[in-house]
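Residues per chain, in single letters:
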Amino acid sequence: MLYQGSSHPCHTFQLRMKQTAREVRTLLMGIITKREKAIQSGEATRDDLLGLLLESNMREMGQNEKSNSSLGMTIDEVIEECKLFYFAGQETTSVLLTWTLVVLSMHPEWQEMAREEVLQHFGRQNPDFDGLSRLKIMSMILYEVLRLYSPVIVLSRQTYKTMQLGDIAIPPGVLLGLPILLIHHDPVIWGPDATEFKPSRFSEGISKATKNGQQAFFPFGWGPRICIGQNFALLEAKMGLSMILQHFKFELSERYQHAPYPVLTVHPQHGAPFKFHRL
Ligand code: HEM
């Protein structure tokens, strides 16, 4: 097929990407400048992340103005932080919940156990923080889903100087990948049932879930850059799942096709249609 000028699909795609990036930037600029003005006139709330970020940044800039240094974030950096928190927090937690509903539909006995636990703790009342932290079966289920369907597939790093890794010297500029999903499915680490959904492997905590007590569970990364939102994400997932279990029984629709598909996070390629039955 012959493409002329700007009609090549890659070109159209790039144009759309640029257009979307511009739209997102304009939207965020609007939100940020409105909030900055509100903070300056003393009428802003400080009970959300953007408020805290802007307030601390303005304080930092104010102090640095006096000392003539240039610390503090630029507006572009604030925009990037907003985008990072939105993507890192929204997409990952939503696929975690989706896969949890999928596997609990495939394993109705676990769906029933999870529901019993939720009803025992909360009845039909809204779940509270203390109760959510004590949901043992639900934690085991969420860990097992995070193991099998890790939303983040691989961690990437680039060396900026020569680094020694065991016996290997890695020169600067090398891209390294830690394949989370692969490690989470390794039968040498997890046993011959590594690809099966068995939440009970986490019944005595994370360190006892692997065959030799190796640290091989990284859904939130590890080390200094470990996910800043991991506790929040688990709490959010437990809250959402508890409320669904309290009010609905669910099963997969006949249209569902099991096709995990990596597009930055692991998605169900053809969606996840469910049937919900009110309890
Ligand atoms: C199931 C949900 C989540 C998963 C699986 C997940 C996974 C991860 C992973 C693997 C990393 C490390 C990336 C790396 O080392 O290169 C990370 C970093 C990060 N996550 Fe999450 N995340 C989740 C939810 C959230 C939520 C809810 C938030 C915010 C509210 C969040 C904010 C962040 C941020 C800001 C970073 C970067 C931290 C840094 O570089 O210091 N994440 N996440």
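Residues numbered from 1 in each chain as written. Predicted model: local features only at pLDDT ≥ 70, side-chain atom pairs only at ≥ 80, totals over all residues. Heavy atoms only, no water.

1. Observations concerning the overall build of the chain
Helix and strand counts for the chain come out as nine helices and eight strands. C-alpha extents for the chain along the principal axes are approximately 60 × 50 × 50 Å. Per-residue burial for the chain yields a buried fraction of 33% across its 279 residues. Contacts in the chain between residues at least 24 apart in sequence constitute 63% of all its contacts with a sequence separation of at least 6. Seen as two clouds, the 28 positive and the 28 negative side-chain charges of the chain have centres 2 Å apart. (Helix = DSSP H or I, 4+ residues; strand = E, 2+ residues; numbered from the N terminus. Buried < 20%, exposed > 50% of the residue type's maximum accessible area, 1.4 Å probe, protein only. Contact = heavy atoms within 4.5 Å. Lys, Arg positive; Asp, Glu negative; His and termini not counted. Charge placed at Lys NZ, Arg CZ, Asp CG, Glu CD.)

2. Description of helix α9 (residues 230-247)
Over its 18 residues, α9 extends 26 Å from the first C-alpha to the last, a length consistent with the 26 Å expected when each residue adds 1.5 Å. When α9 is considered as a whole, its buried residues turn out to be Ala233, Leu234, Ala237, Lys238, Leu241, Ser242, Ile244, Leu245 and Gln246. The elements touched by buried residues of α9 are α3 (75-106), α4 (108-122), α5 (129-133), α6 (136-148), β5 (248-252) and β8 (274-278). (Expected span 1.5 Å × (residues − 1).)

3. Observations concerning the packing of helix α1 (residues 9-40) against α3
Running from amino to carboxyl end, α1 crosses α3 at an angle of 110°, the nearest separation of the two axes being 10 Å. Judged by the angle between their axes, α1 and α3 are roughly perpendicular. For the element pair α1 and α3, the recorded crossing hand is right-handed. Where α1 abuts α3, its residues Val24, Arg25, Leu28, Met29, Ile32 and Glu36 lie against Ile75, Asp76, Val78, Ile79, Cys82 and Lys83. (Axes fitted to C-alpha atoms, helices over the stretch in contact; angles between N-to-C directions. Parallel < 35°, antiparallel > 145°, perpendicular 65-115°, else oblique. Left-handed = near helix turned anticlockwise from the far one by under 90°.)

4. What to know about the UniProt feature "binding site: heme" (unreviewed entry) in the chain
Per the UniProt record, "binding site: heme" (unreviewed entry) is found at Cys227. Within the secondary structure, Cys227 sits in the loop between α8 (187-190) and α9. When its relative accessible area of 28% is taken as the criterion, Cys227 is described as partly exposed. (UniProt positions renumbered as here; feature names shortened; annotations may be inferred.)

5. Remarks on the site of the ligand
Around the ligand sit 20 residues, and of these Ala88, Gly89, Arg157, Arg225 and Cys227 come closest. Between an oxygen atom of the ligand and a side-chain N or O atom of Arg157, the distance comes to 2.7 Å. Arg225 places a side-chain nitrogen or oxygen 2.8 Å from an oxygen atom of the ligand. Contributions of two or more residues to the shell around the ligand are made by α3, β1 (155-158) and α9. The dominant element in the shell around the ligand, judged by the number of residues it contributes, is α3, at seven residues. Residue classes in the shell around the ligand are distributed as 13 nonpolar, five polar and two charged. (Near = heavy atom within 4 Å. Polar contact = N/O pair within 3.5 Å; in protein donor to acceptor, adjacent residues only side chain to side chain. Nonpolar A, V, L, I, M, F, W, Y, C, P; charged D, E, K, R; others polar.)

6. Considerations on the packing of aromatic side chains
Two aromatic rings are characterised by how far apart their centres lie and by the angle between their planes. Inspection of the entire model under this criterion finds ten aromatic pairs. When the centroid spacing of 5.5 Å and the interplanar angle of 55° are considered together, the rings of Tyr143 and Phe202 count as tilted. Of this pair, Tyr143 sits in helix α6 while Phe202 sits in the loop between α8 and α9, and the two are 59 residues apart along the sequence. Assessed through its relative accessible area of 23%, Tyr143 is described here as partly exposed. A residue is classified by how much of its surface remains accessible, and Phe202, at 3% relative accessible area, is buried. Note on Tyr143 and Phe217: the rings are 5.6 Å apart at their centroids and 75° apart in plane angle, and the pair reads as edge-to-face. Pair noted here: Tyr143 is in helix α6 and Phe217 is in the loop between α8 and α9, with a separation of 74 residues, a long-range link. In textbook terms, an aromatic cluster arises when at least three aromatic residues are bridged by ring pairs, as seen for Tyr143, Trp190, Phe202 and Phe217. Above the ring of Trp190, the side-chain terminus of Arg147 is found at 5.1 Å from the ring centroid. (Phe/Tyr/Trp six-rings, centres within 6.5 Å; stacked < 30°, edge-to-face > 60°. Lys NZ or Arg CZ within 6 Å of the ring centre and 35° of its normal.)

7. Some words on the pattern of salt bridges
Two side chains carrying opposite charge are able to pair once their charged atoms lie near each other. Overall, the coordinates contain ten salt bridges when judged by the stated rule. In this structure, Arg35 and Asp48 form a salt bridge, with 2.8 Å as the shortest nitrogen-oxygen distance. Here Asp48 lies in the loop between α1 and α2 (49-67) and Arg35 lies in helix α1, a separation of 13 residues in the sequence. Using a relative accessible area of 18% as the deciding quantity, one classes Arg35 as buried. Classification of Asp48 as partly exposed rests on a relative accessible area of 29%. For the salt bridge of Lys275 with Glu254, the shortest nitrogen-to-oxygen distance reads 2.8 Å. On the criterion of sequence distance, the pair formed by Lys275 in strand β8 and Glu254 in the loop between β5 and β6 (260-263) is long-range, its members being 21 residues apart. With a relative accessible area of 30%, Lys275 lands in the partly exposed category. (Salt bridge = Lys/Arg side-chain N within 4 Å of Asp/Glu carboxyl O.)

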